[in-house]
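# Architecture at a glance
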Amino acid sequence: MGEENKLPQEELSDLLQIRRDKLEELRREGNDPFTLTRYPVSHHSEDIKAGFDALEGQGVSVAGRLMSKRGMGKAVFADLQDAAGRIQLYVRIDDVGEDALARFKKYDIGDIVGVQGTVFRTKRGEISVKAQEITLLSKSLLPLPEKFHGLTDVETRYRQRYVDLIVNPEVRRTFQVRSKFIRYVRDFLDGRGYMEVETPVLNTISGGATARPFITHHNTLDIDMYMRIATELHLKRLVVGGLERVYEVGRIFRNEGMDPKHNPEFTTVELYQAYADFQDMMDLFEQLLSGAAQEILGTYQIQWQGQDIDLTPGWPRLTMAEAVKQYTGVDFMAIPDNAQAVAAAAAVGVELPETADKTWGNALYQVFDQKVEEQLIQPTFITMHPVDVSPLAKRSPADPRLTERFELFICRSEMGNAFSELNDPIDQRCRFQKQMELRAKGDAEAGMMDEDYITALEYGLPPTGGLGIGIDRCVMLLTNNDSIREVIFFPTMKSLDK
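Every value quoted in this text rests on a predicted model; they were computed, and no experiment measured them.

Moving on, we come to the overall build of the chain. Secondary structure summary: the chain contains 16 helices and 18 strands in total. By its C-alpha atoms, the chain is 90 × 50 × 45 Å across when sized along the principal axes. Within the chain, buried positions represent 49% of all 498 residues. Taking the intrachain contacts of the chain between residues at least 6 apart in sequence as the baseline, contacts between residues at least 24 apart amount to 65%. Element-wise, carbon and sulfur atoms account for 49% of the exposed surface of the chain, whose accessible area totals about 23,900 Å².

Shown next, in the form of structure tokens:
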């Protein structure tokens with residue numbers, strides 16, 4: 001918790017003891033709140049506010065957490081927070097009795113109560129519930145952060161998300177948008193004839209992406225297994241099996257660095273459509289993301305990372321070579337060989353990684369990655385990636401150095417990745433072999449040979465378009481959050497013992 005939220009150790013200890021003393025008193029009186037098992041709730045706060053005209057004077061039953069109390073005479077006002085928001089309580093001695101009011105005055109901020117009462121509007125115009133009966137449902141033994149500062153330290157917010165959700169309404173709104181977006185994705189795909197499926201999280205081979213996997217061990221089989229880094233290869237096996245449109249919303253695990261855009265576990269939706277290509281996937285992605293903004297936020301105009309972003313459909317589509325030429329002046333399509341391509345990259349300050357082959361394709365990709373990606377603010381599709389960095393994408397008939405692949409970039413962030421899927425088993429084996437060679441050179445992110453997947457391709461994969469979308473980054477976009485940790489309930493954190 002931030003320094004402004006900390007109490008002196010002696011004072012904090014006194015507060016903790018006071019709350020425990022209150023609990024013991026309740027137990028001595030036979031009113032232990034932790035023995036209660038259920039409470040009938042008829043309405044939530046926003047239901048009452050939205051339906052006030054019909055509910056005025058009617059009896060309701062609400063439950064939630066006490067967030068404030070005001071007044072200590074014969075009447076007390078309090079704010080109750082439930083899943084929908086907050087509503088004011090009016091607790092008066094004439095309505096609940098002297099003993100009940102005295103008990104209520106002893107309740108602490110953070111306690112969870114159930115209230116039966118009637119709906120009314122105060123003289124100041126605030127819709128409220130006039131309490132007739134109050135039940136203590138759970139005792140809060142720890143004080144909430146001081147109300148004027150709240151929970152602000154990000155480390156504590158992520159480690160104690162439960163407190164973060166209690167005291168920061170905007171955090172709850174973020175995760176409500178996340179839930180709505182995932183539901184929108186499912187509805188969008190279901191409405192287009194896609195079938196939702198589930199594929200294994202544990203695999204004997206790491207494949208479907210270029211990433212370092214997490215490794216675990218299966219005791220009964222006595223084999224090492226890999227947590228999946230993508231759902232791709234299993235989903236395409238299902239297309240081979242005749243399921244022409246499939247998708248999976250699934251957790252992915254990559255044993256890589258952590259930064260504002262990356263968490264070791266994250267969520268994607270991958271989808272595959274037989275008899276389609278990467279152009280179809282571009283159209284679909286644009287419709288999905290722009291439609292989600294309109295449906296959830298009511299607008300195409302949003303802000304993200306300090307930029308005004310326009311999600312109105314009709315996003316620019318540039319080949320990677322066109323983008324590199326536009327932003328660096330280097331025309332890779334006019335460069336005939338590997339050596340000149342590597343030299344051209346060096347001329348604009350780009351050196352290829354030691355594990356990468358010194359090829360035209362790798363030079364093009366590295367210039368884009370290091371010099372161009374950071375300049376892509378508005379939604380932009382970058383197409384036709386080199387085959388060197390696209391081991392699962394189909395080659396372009398016009399130029400075998402390139403593949404029918406795209407990535408969508410918004411605000412310097414990759415939002416999704418798609419191919420016309422490689423369905424030639426002979427070419428696929430060669431590309432897997434190339435990945436194995438890179439792995440032997442020390443590239444821990446390179447892929448492995450998947451013999452069963454090649455067998456599946458040998459039975460015949462129809463022309464197929466595939467698309468992978470980062471759910472977390474889309475939620476970051478829709479909620480104007482700069483860090484992936486803000487949109488994952490429980491992000492990976494370093495142990496406090498370290």
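Looking at the secondary structure, you find Glu-351 in the loop between helix 12 (338-347) and helix 13 (360-372). Owing to a relative accessible area of 58%, Glu-351 belongs among the exposed residues under this scheme. Taking the C-alpha atoms as reference points, Glu-351 and Cys-430, 79 residues apart in sequence, are found 26 Å from one another. In this structure, Glu-351 is in contact with Ala-346 and Gln-370, ignoring residues within four places of it in sequence.

Our next topic: the packing of aromatic side chains. A complete count under the given rule lists 11 aromatic pairs for this structure. The interplanar angle of 35 degrees and the centroid separation of 5.8 Å between the aromatic rings of Trp-315 and Phe-381 together place this pair among those described as tilted. Placement of Trp-315 in the loop between strand 13 (307-310) and strand 14 (317-319) and of Phe-381 in strand 15 (residues 380-383) is noted, with a sequence separation of 66 residues between them. Just as Trp-315 is buried, Phe-381 falls in that class too. Site record: aromatic cluster; members linked through ring pairs are Phe-77, Tyr-90 and Phe-120. It is Lys-69 that lies over the ring of Phe-104; its NZ or CZ is 5.5 Å from the centre. Just above the ring of Phe-120 sits the side chain of Lys-130; from NZ or CZ to the centre is 5.0 Å.

Once that is clear, we can look at the state of the cysteines. Tallying each qualifying case throughout the model produces zero disulfides. No disulfide involves Cys-411; its sulfur sits 13 Å from that of Cys-474, the nearest cysteine. The exposure class of Cys-411 is buried, given its relative accessible area of 0%. The buried category is assigned to Cys-474, whose relative accessible area is 0%.

Below, the discussion takes up the environment of Asn-168. Assignment of secondary structure puts Asn-168 in the loop between helix 7 (161-167) and helix 8 (169-190). A C-alpha to C-alpha distance of 14 Å links Asn-168 and Asn-481, two positions 313 residues apart in sequence. Polar side-chain contacts of Asn-168 include one of 2.6 Å to the side chain of Asp-164.

With that settled, the discussion passes to the confidence of the model for the chain. Averaged over all residues, the pLDDT of the chain equals 94, while 97% of them reach at least 70. The model gives residues 1-5 a pLDDT under 50, and that stretch makes 12 contacts with residues more than four places away or in other chains.

A few words on the nonpolar core. Counting 71 residues, the largest nonpolar core has Phe-181, Phe-332 and Ile-410 as its most contacted members. Counting residues per element, this core draws most heavily on helix 10 (residues 278-297), which supplies 10 residues. In this structure, Phe-332 is in contact with Val-324, Ala-341, Trp-360, Ala-363, Leu-364 and Val-367, ignoring residues within four places of it in sequence. With 25 residues, the next largest nonpolar core counts Val-62, Ala-78, Phe-104 and Tyr-107 among its residues.

Let us look at the sheet that holds strand 18 (residues 464-470). Strand pairing in a sheet takes place through backbone hydrogen bonds and is either antiparallel or parallel in direction. With respect to topology, eight strands assemble into an open sheet ordered 6-10-11-18-17-16-15-14, the strand pairing being mixed. Edge positions in the open sheet fall to strand 6 (195-196) and strand 14, since each of these has one partner strand only. The sheet contact formed by strand 6 and strand 10 (residues 245-253) spans two bridges and is parallel. When the bridges of strand 10 are listed, Met-195 appears paired with Val-246. Strand contacts of helix 16 (residues 471-479): strand 11 (265-274), strand 16 (405-410), strand 17 (413-420) and strand 18, with the helix running at about 55 degrees to strand 18, the strand carrying the most contacts.

A few words on the pairing of strand 10. Here strand 10 lies mainly inside the structure; seven of its nine residues are buried. Pairing of strand 10 with strand 11 involves nine bridges; the strand directions are antiparallel. Considered in strand 11, the bridge of Glu-248 is made with Glu-270.

Positioned with a positive phi, Gln-305 is a non-glycine residue whose angle comes to about 50 degrees. For Gln-305, the location among the structural elements is in the loop between strand 12 (301-304) and strand 13. The residue Asn-480 is not glycine, and still its phi comes out positive at about 55 degrees. Within the fold, Asn-480 resides in the segment after helix 16. On the accessibility criterion, Asn-480 (36% relative accessible area) is partly exposed.

This brings us to the environment of Cys-411. For Cys-411, the position within the fold is in the loop between strand 16 and strand 17. Distance from Cys-411 to Leu-376, taken between C-alpha atoms, is 6.0 Å for residues 35 residues apart in sequence. In this structure Cys-411 touches Trp-304, Gln-305, Gln-307, Ile-309, Leu-376 and Ile-377, once residues within four positions along its chain are discounted.

This part covers the pairing of strand 16. Strand 16 sits mainly inside the fold: six of its six residues count as buried. Residue alternation in strand 16 divides its side chains into two sets, Arg-405, Glu-407 and Phe-409 and Phe-406, Leu-408 and Ile-410, and both sets are buried. Bridge count between strand 16 and strand 17: six bridges; the pairing is antiparallel. The partner of Phe-409 across the bridge, within strand 17, is Glu-414. Between strand 16 and strand 17, which pair antiparallel and follow one another directly, the connecting turn spans two residues, one of which, Cys-411, has a positive phi of 55 degrees.

The subject of this paragraph is the packing of helix 12 against helix 13. The N-to-C vectors of helix 12 and helix 13 enclose an angle of 15 degrees; their axes lie 8 Å apart at closest approach. The angle between helix 12 and helix 13 places the two elements in the roughly parallel class. Crossing handedness for the pair helix 12 and helix 13: left-handed. On helix 13, the residues touching Asn-338, Ala-341, Val-342 and Ala-345 of helix 12 are Trp-360, Ala-363 and Val-367.

Calculation criteria
- Residues numbered from 1 in each chain as written.
- Predicted model: local features only at pLDDT ≥ 70, side-chain atom pairs only at ≥ 80, totals over all residues.
- Heavy atoms only, no water.
- Helix = DSSP H or I, 4+ residues; strand = E, 2+ residues; numbered from the N terminus.
- Buried < 20%, exposed > 50% of the residue type's maximum accessible area, 1.4 Å probe, protein only.
- Contact = heavy atoms within 4.5 Å.
- Areas by Shrake-Rupley, 256 points an atom, 1.4 Å probe, with all protein chains shown as cover.
- Phe/Tyr/Trp six-rings, centres within 6.5 Å; stacked < 30°, edge-to-face > 60°.
- Lys NZ or Arg CZ within 6 Å of the ring centre and 35° of its normal.
- Disulfide = S-S within 2.5 Å.
- Polar contact = N/O pair within 3.5 Å; in protein donor to acceptor, adjacent residues only side chain to side chain.
- pLDDT = per-residue confidence, 0-100.
- Core = buried A, V, L, I, M, F, W, Y, C linked by side-chain atoms within 4.5 Å.
- Pairing = 2+ DSSP bridges.
- Axes fitted to C-alpha atoms, helices over the stretch in contact; angles between N-to-C directions.
- Parallel < 35°, antiparallel > 145°, perpendicular 65-115°, else oblique.
- Left-handed = near helix turned anticlockwise from the far one by under 90°.

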